[in-house]
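# Per-entry structural report
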Amino acid sequence: MSILTRLINKDPAGDGTTPAAVPAAAPAPDPAVEAAARARDEEAAVAAALAAGDGAALARWVLEGSSSRVRQQAAQAIQDPEQLRELIRAVRGGNDKNVYRILTATRDAQLADIRGVQQQQADAEATAAAIARHAVLPYDPLNVATIEQLARRWESLATHAPAGLAAEVAAHLERAASVVREHERSLAEAAARESERQTALENASREREAATAAAAEAAAAATAEQAQLAEAAREAARLRQETEGSAVREIVGLLRQAQAALDRGSTARAARLHETLAARLPGAPALPPWFARQWQTVEARVAELRDWKTFTVAPKRAELLRRMQGLIGAEMSPEELARRIKGLQEEWRTLARGAPEEQAPEWQPFQEAANKAYEPCREHFARQAAVRRENQQRRESLLARLAAFAAEQLGEDADWRHVGRVLAEARDEWRRYAPVDQAVVKGLQERFHAQLGEIQGRLQAEIGRHVETKRALISRAAELIAAPDTRAAIDEAKQLQRRWQATGYVPRETDGGLWAEFRRHCDAIFARSAQESAAFAAALDAQESRATALCAELEALAGLEGDALRSGARELDRLRGEFDGIELPRRSARELRQRFSKASTRLGEALRRDRAAAAGRAWDEVYAAADALRGWRLAQTPDADDAEATARREAAAAAIGALGETPKGVKALLERRFAATEPNAPADLAANEAALRLLCVRAELGCDMPSPEPDQSLRREYQMKRLVESMGRGEPVAAASPDELALAWLAVGPVADAAYAGLVARFRECHGRATRSSGGGHR
């Protein structure tokens, strides 16, 4: 049984059963109850079709479901791409926009999945091609890094690669790995040979050093023996002198201590030392001549200091107390205030040195005044302590961020230029976070320098490798200066410049000197082809002038109209071929290509507008001739006026004969219809009107225009018919072109004036829109 038969024979409930006969005596069913039951039956039918995988039944419910809920449930179950395309065409322009959105969303999701798979396959093929290109190259550190990156990318794309490609990629990667292993083996052999040579040199050096050390040891032993004898003699003399002068030095030392105590104002200590000296002098050995004078001076100063302590300390203490009280609430900086308070306290302690009396009565008021005066300093220094703690926390945070940065960023693909900037910023930030408490500053500094040193070491190692690579490029550029083939030397110099740009980060202060040397060699290479460069530049200028002229010529063609435009358009292929064959200078290539492309686009748009206008005029004449023919055929009635019929016949013949260039088959169709018209032949106006109304609906479907409300049922009926035909064939039914629909319109018989006016307006609106979008239709 065909799909069409199944759809036509299915009952509305979709379950294939025949409704039971209703007893004659039963009352009429309630419409609301009947509608609810029908909705439940339809939902059950949709569920059954979904469970059975019946796509035809689901498509039928999408179009014929009595409720939006049923249609949407059926639309959500449609997954077949062909069904989706047919149903989208069928419901486009209808009233149920939600069903249209569900179908288009499903289609878009499927297309997105297909495009995603295609893109992944394309990426896999491109990666495989890149691996194949790099695998055949000789060993180069940059090439090794590139292959490693490509291999990692291939691992993420291998599952999407076409069959057989994975084996080819594996072979290419193995070949690249063999090149690396061969290079490493060569390096290992060279290192082994160098190690053997260094071992031989070290053995010879150790033998020479051993002989030299033996001779030096013998000489040193003899010298040491002589030095020991001389030192023993000097030690004996020194002991004699120390024994004789120890008593003198001890007494002189006590005198010096007494003088120092007097200088400090330590009366008590100076008095005790004076008494000790007085007791030691009677039994002392011979003293230096100056000792007696200084001893008399010490005795006098001790007596004077005792008198000063007695008469001047009390007034001085009162003065210090007054000055300390004056500092309470003083307007000065906390640092200056603290310095003055400390100075007064030092003066107080100086007065108290050597004083034998008990604690002075002014001490308690002096201490209280010092505490009150120091209160602003205490708050200020507390704030400074808080700042130091905050700076400590910020430095701890900076250390943590540096550790995280080192763990995350210093991998194989590290951005070393960024690493250099991070180090510089870290040093600046560390300096800003000062001061810090002295108790922790040393530990923080050590940790900071340790972390910075590790990162800096890795950065310097990487920079060293990059510098060596650039030095190798400089050496090769120097060799190319004497190369016999100038063009080949220039080409290789350009390759060297590209490799220079691809080389990793080197600090500006180092890179500047290297670049200057490399640039000097490259300039020397390029200078050899000065004449060639000048000739090439002249040729490029000529090519640029010719390209400019071609652009101007094409722009002039785009500004033409009518026959001149159509005649000039034949030059487009010649102009484009000549322009594409021109080698343009880099400075103007992009601008000239854009200018030529814009002029080509303008010319194409002008041609499309011209063709659309010509097609519109031709169809206007065709529809006018068809209307004249319709008027004559309407006049073919037994009671029509013969004169009017004759006039309409002549008007129709003149309109058809005056047609110029028309779409293929149009004029012949009108001539056949004119020749086939018989006098007083009856016309089925209703059938003709129905045929034209169906053509209007088909045209509106083709250009996505809505149909009037009275024709909505006709539109759905036609959509269902097309869907059934598509399912029966197993492929979509192609829609008729606008010109094919127009030929069908012209072939329909006459329609009354009242109905024809509205129908022809709808059809010509659709036909005109399709003609304009296609650029004119026929040629």
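The structure displayed is predicted, hence computed values, not measured ones. (Residues numbered from 1 in each chain as written. Predicted model: local features only at pLDDT ≥ 70, side-chain atom pairs only at ≥ 80, totals over all residues. Heavy atoms only, no water.)

## A closer look at the overall build of the chain
- Helix and strand counts for the chain stand at 26 helices and zero strands.
- Counting only residues that meet the buried cut, the chain has 33% of its 779 residues in that class. (Helix = DSSP H or I, 4+ residues; strand = E, 2+ residues; numbered from the N terminus. Buried < 20%, exposed > 50% of the residue type's maximum accessible area, 1.4 Å probe, protein only.)

## Topic: the pattern of salt bridges
- Going through the model one piece at a time under the given rule, you end up with 34 salt bridges.
- With a closest N to O distance of 2.8 Å, Glu555 and Arg595 form a salt bridge. Of this pair, Glu555 sits in helix H17 (residues 530–558) while Arg595 sits in helix H20 (residues 586–634); the two residues are 40 residues apart in sequence, bridging distant segments of the chain.
- The exposure class of Glu555 is partly exposed, given its relative accessible area of 24%.
- On the accessibility criterion, Arg595 (28% relative accessible area) is partly exposed. (Salt bridge = Lys/Arg side-chain N within 4 Å of Asp/Glu carboxyl O.)

## Quick word on empty space enclosed by the protein
- A full pass over the atoms with the stated rule returns two cavities of 30 Å³ or more.
- As for the largest cavity, its lining consists of Ala626, Arg630, Arg673, Leu692, Trp745, Leu746, Val748, Gly749 and Tyr756.
- Residue assignment for the lining of the largest cavity shows that the elements contributing at least two residues are H20 and helix H25 (738–747).
- Tallied by class, the residues present in the lining of the largest cavity amount to six nonpolar, one polar and two charged. (1 Å grid on protein atoms, 1.4 Å probe; cavity = no way out; pocket = protein on both sides within 12 Å on 5 of 7 lines; lining within 4 Å. Points joined across faces, edges and corners; volume = space filled by probe spheres on them. Nonpolar A, V, L, I, M, F, W, Y, C, P; charged D, E, K, R; others polar.)

## Points about the nonpolar core
- Ranked by internal contacts, the top residues of the largest apolar core, which has 37 residues, are Leu402 and Phe518.
- Counting residues per element, the ones that place at least two in this core are helix H12 (363–409), helix H13 (416–432), helix H14 (438–480), helix H15 (486–502) and helix H16 (508–527).
- Excluding anything up to four places from it in sequence, Leu402 contacts Val422, Ala426, Phe448, Gln451, Leu452 and Ile455.
- One finds Ala628, Ile656, Cys703 and Ala742 within the second-largest nonpolar core, a separate group that totals 33 residues. (Core = buried A, V, L, I, M, F, W, Y, C linked by side-chain atoms within 4.5 Å. Contact = heavy atoms within 4.5 Å.)

## Notes on the environment of Ala39
- Topologically, Ala39 is positioned in helix H2 (residues 31–52).
- For the pair Ala39 and Gly65, spaced 26 residues apart in sequence, the C-alpha to C-alpha distance is 8.6 Å.

## A look at the state of the cysteines
- A complete count under the given rule lists zero disulfides for this structure.
- As a non-bridged cysteine, Cys766 has Cys703 as the owner of its nearest cysteine sulfur, 3.6 Å distant.
- On the basis of relative accessibility, which here comes to 3%, the residue Cys766 falls in the buried class. (Disulfide = S-S within 2.5 Å.)

## Overview of the packing of aromatic side chains
- This model, assessed by the stated rule, comprises nine aromatic pairs.
- Here the aromatic rings of Trp515 and Phe518 are separated by 5.8 Å at their centres, their planes lie at 40 degrees, and the arrangement is tilted. One end of the pair is Trp515 and the other is Phe518, both in helix H16 and three residues apart, which spans about a single turn.
- Aromatic rings pair up to connect Trp500, Trp515 and Phe518 into one cluster.
- Directly above the aromatic system of Trp61 lies the positively charged group of Arg60, at a separation of 4.9 Å from the ring centroid.
- When the ring centre of Tyr756 is taken as origin, the NZ or CZ atom of Arg630, which lies over that ring, is 4.2 Å away. (Phe/Tyr/Trp six-rings, centres within 6.5 Å; stacked < 30°, edge-to-face > 60°. Lys NZ or Arg CZ within 6 Å of the ring centre and 35° of its normal.)

## Things to note about the side chain of Thr127
- Mapped onto the elements of the fold, Thr127 is located in helix H6 (residues 97–135).
- The class of Thr127 is buried, set by a relative accessible area of 4%.
- Here the side chain of Thr127 touches Asp123 through a polar contact of 2.8 Å, landing on its backbone oxygen.
- Thr127 has contacts with Leu150, Arg153, Trp154 and Leu157, leaving out every residue within four places of it along the chain. (Polar contact = N/O pair within 3.5 Å; in protein donor to acceptor, adjacent residues only side chain to side chain.)

## Description of the packing of helix H5 (residues 81–91) against helix H24 (residues 712–729)
- At a minimum axis separation of 9 Å, H5 and H24 run at an interaxial angle of 165 degrees. Put simply, H5 runs roughly antiparallel to H24. Classified by chirality, the crossing of H24 by H5 is right-handed. Residues Gln83, Glu86, Leu87, Arg89, Ala90 and Val91 of H5 pack against Gln719, Leu723, Ser726 and Met727 of H24. (Axes fitted to C-alpha atoms, helices over the stretch in contact; angles between N-to-C directions. Parallel < 35°, antiparallel > 145°, perpendicular 65-115°, else oblique. Left-handed = near helix turned anticlockwise from the far one by under 90°.)

## As for unusual backbone geometry
- Of note in this structure, Asp704 is not a glycine but carries a positive phi near 60 degrees.
- Relative to the elements of secondary structure, Asp704 occurs in the loop between helix H23 (685–702) and H24.
- Its relative accessible area of 43% is what places Asp704 among the partly exposed residues.

## Structural notes on the packing of H14 against H16
- For the pair H14 and H16, interaxial distance at closest approach is 8 Å and the crossing angle is 20 degrees. On the basis of their axis angle, the class for H14 and H16 is roughly parallel. The two elements H14 and H16 meet at a crossing, and its hand is left-handed. Residues Val467, Lys470, Arg471, Leu473, Ile474, Ala477, Ala478 and Leu480 of H14 lie in contact with H16, whose contacting residues are Thr510, Asp511, Leu514, Glu517, Phe518, His521 and Ile525.
- Split into classes, the residues belonging to the contact of H14 with H16 amount to nine nonpolar, two polar and four charged.

## Things to note about the environment of Leu87
- Within the fold, Leu87 resides in helix H5.
- Judged by relative accessible area, which is 0%, Leu87 ranks as buried.
- The spatial distance from the C-alpha of Leu87 to the C-alpha of Ala75 is 8.9 Å, given a sequence separation of 12 residues.
- Apart from residues lying up to four places away in sequence, Leu87 is in contact with Ala59, Val62, Leu63, Ile78, Leu103 and Leu723.

## Let's talk about helix H19 (residues 572–580)
- When we look at burial in H19, the residues that qualify are Leu572, Leu575 and Phe579. The buried side chains of H19 occupy one side of the element, clustering within an arc of 70 degrees when seen end-on. In H19, the exposed positions that point more than 90 degrees away from the buried face belong to Asp573 and Asp580. (Arc of directions from axis to C-beta.)

## A closer look at the environment of Ala44
- Mapping Ala44 onto the fold places it in helix H2.
- Taking the relative accessible area as the measure of exposure, Ala44 reaches 46% and is therefore partly exposed.
- Spatially, the C-alpha atoms of Ala44 and Val70 are 9.6 Å apart, while their sequence positions differ by 26 residues.

## Concerning the confidence of the model for the chain
- Considering every residue of the chain, the mean pLDDT works out to 78; 88% of them sit at 70 or more.
- Ranking the helices and strands of the chain by mean pLDDT puts H23 first, with 87, and helix H1 (residues 3–9) last, with 38.
- Within the model, the stretch residues 1–26 combines pLDDT values under 50 with 24 contacts to residues more than four positions away or in other chains. (pLDDT = per-residue confidence, 0-100.)

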